[in-house]
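Report on the structure
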Amino acid sequence: MNMQARWVIVPAVVVLGVALAGCSSTSSPTPTATSTVTTTATATSSATPSASAPSASATDGAGGDTGTGAAGRAPDDDATRCTTDHLRGAFAGQEAGASNVDEELQLTNTGNADCTLQGWPGVSLVGDGNGTQIGRAATLDRSTSHATVTLKPGTTAVAHFHYVQADAFDTATCKPVAGDGFRVYPPGSRTSLFIPAQGVRGCTAGDEAVFTVGAFH
C-alpha cells in the first residue's frame with residue numbers, strides 16, 4: 001500500500017485554510033487554492049452539469065448531522081445556523097502514511113454576521129463530471145466532541161477527515177476509480193458545497209469504509 005493522495009494546485013482545486021472559530025481564532029494550515037460550488041440535495045436538471053459544478057445525488061440526501069436529533073435546525077433556538085450561502089470549504093494540512101491520508105476539512109464563514117456549526121458534516125466522493133456519488137458516504141466519527149462552534153465573519157471551523165486510498169483494498173472487490181472532488185453538507189443542511197480534488201480514489205463496489213469524518217470544532 002504505497003499510493004498517496006495529492007491535491008494539485010490549480011484554480012479549480014480546493015485545499016483549505018483559515019482561522020478556527022468557536023474554540024479559537026488562531027491560524028490553521030493555509031490552503032493553496034479555494035473554490036466551492038453550491039448544490040442542492042434534491043435538485044434535478046435536464047442540462048448536463050460540468051465537473052466544476054456537479055449536481056447532487058439522490059443517494060446522498062441525508063446531509064450533515066447536528067447530533068441533536070433536530071436535522072436541519074440550528075443547534076439552539078437563538079442561533080443562526082451556518083448555511084452554504086455563506087460558507088466556503090476546503091481541505092488543508094495533509095498528512096499521509098502508506099495509503100492513509102489525514103486532513104482538515106474546513107468551513108469558513110464568508111457572510112457578514114455570526115453563524116454556528118454543530119455536529120458532523122455529510123461528506124461523499126463524487127465523480128463522472130456530474131456529481132455521481134462514488135461508494136459510501138464518509139462514516140461519522142461519533143467519538144469526537146461536537147460542541148457548538150460560533151463562526152464570526154472570516155473565521156473557520158475544522159473537522160478531522162481521514163481516508164484510505166481505494167487501491168489499498170482488493171481491487172476486484174472494490175473496483176477503485178478516481179473522483180472529481182467531494183460533496184460536503186454542513187451539519188443539519190440538505191444543501192451542499194462541492195470541493196474539487198484530484199488523485200482521490202474511492203470504491204465503486206463492495207462496502208468498504210474508505211472515508212471517516214469527525215465533528216466540527
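What you see is a predicted model, and the numbers here were worked out from it, not measured in a lab.

A count of helical and extended segments in the chain gives 1 helix and 15 strands. Put simply, the chain has 217 residues, and 45% of those count as buried. Here the contacts in the chain between residues at least 6 apart in sequence split such that 75% fall between residues at least 24 apart. Element-wise, carbon and sulfur atoms account for 49% of the exposed surface of the chain, whose accessible area totals about 9,500 Å².

Let us look at the pattern of salt bridges. All told, the structure shown has 3 salt bridges when counted by the stated rule. Note that D114 is salt-bridged to K152, the shortest N-O span being 3.5 Å. Of this pair, D114 sits in the loop between β4 (100-109) and β5 (115-117) while K152 sits in the loop between β9 (149-151) and β10 (155-164), and the two are 38 residues apart along the sequence. Looking at D114, the relative accessible area reads 37%, which means it is partly exposed. Of the charged contacts in the structure, one is a salt bridge between R201 and D167, with a shortest N-O distance of 2.6 Å.

Glancing now at unusual backbone geometry. Even without being glycine, D128 reaches a positive phi, approximately 65 degrees. Mapping D128 onto the fold places it in the loop between β6 (122-127) and β7 (132-133). Even without being a glycine, K175 presents a positive backbone phi close to 50 degrees. Of note, K175 is situated in the loop between α1 (171-174) and β11 (176-178). Look at K175 and you get partly exposed, because its relative accessible area is 47%.

Now for the pairing of strand β12 (residues 181-185). Within β12, 5 of the 5 residues are buried, which leaves it mostly tucked inside the rest of the structure. Strand direction decides the pairing type here: β6 and β12, joined by 5 bridges, are antiparallel. Considered in β12, the bridge of V126 is made with G181. Counting the residues in the hairpin turn of β12 and strand β13 (residues 191-196) gives 5 residues, including G188, whose phi is positive at 80 degrees.

Across the chain, the average pLDDT comes to 73, with 64% of residues at or above 70. No element of the chain has a lower mean pLDDT than strand β1 (residues 19-20), at 34, and none a higher one than β12, at 97. Across residues 1-62 the pLDDT falls below 50, and counting only partners more than four positions away or on other chains, this stretch makes 182 contacts in the model. Below a pLDDT of 50 lies the segment residues 68-77, which in the model reaches 13 contacts outside its immediate sequence neighbourhood of four places, other chains included.

The next thing to look at is the side chain of S189. Positionally, S189 belongs in the loop between β12 and β13. Here T191 takes part through its backbone oxygen, which lies 2.9 Å from a polar atom of the side chain of S189.

Take T212: it is sitting in strand β15 (residues 211-213). Given a relative accessible area of 25%, T212 falls into the partly exposed group. Sequence spacing of T212 and D102 is 110 residues, and the spatial spacing of their C-alpha atoms is 9.7 Å. Those residues in contact with T212 that lie beyond four places of it in its chain are A138, T139, D141, H160, F161 and H162.

Cut-offs used in this document
- Along each chain, residues carry numbers from 1 onward, in the same order as the chain's sequence is written.
- Note on the predicted model: pLDDT of at least 70 is required for a residue's local features to be given, and 80 or more for side-chain atom pairs to be given and counted; whole-chain, interface and lining totals, by contrast, use all residues.
- Here the side-chain values reflect all heavy atoms present in the structure, with hydrogen atoms and water set aside.
- For the purposes of this entry, the term helix denotes a DSSP run of H or I that reaches at least four residues, the term strand denotes a run of E that reaches at least two, and both are numbered from the N terminus.
- For every residue, the accessible area obtained with a 1.4 Å probe (protein chains only) is divided by the maximum for its type, and the residue is called buried under 20%, exposed over 50%, and partly exposed between those limits.
- Between two residues, a contact is recorded if the distance between any of their heavy atoms is within 4.5 Å.
- Note on areas: Shrake-Rupley, 1.4 Å probe, and residue coverage restricted to the protein chains presented here.
- Note on definitions: salt bridges are taken to be side-chain nitrogens of Lys or Arg within 4 Å of carboxyl oxygens of Asp or Glu.
- Strands pair, by our definition, only if DSSP identifies at least two bridges between them.
- Values of pLDDT, ranging from 0 to 100, describe the predictor's confidence in every residue of the model.
- Pairing of N or O atoms within 3.5 Å defines a polar contact, subject to two protein rules: one partner must be a possible hydrogen donor and the other a possible acceptor, and residues neighboring in sequence count only if both atoms are side-chain atoms.

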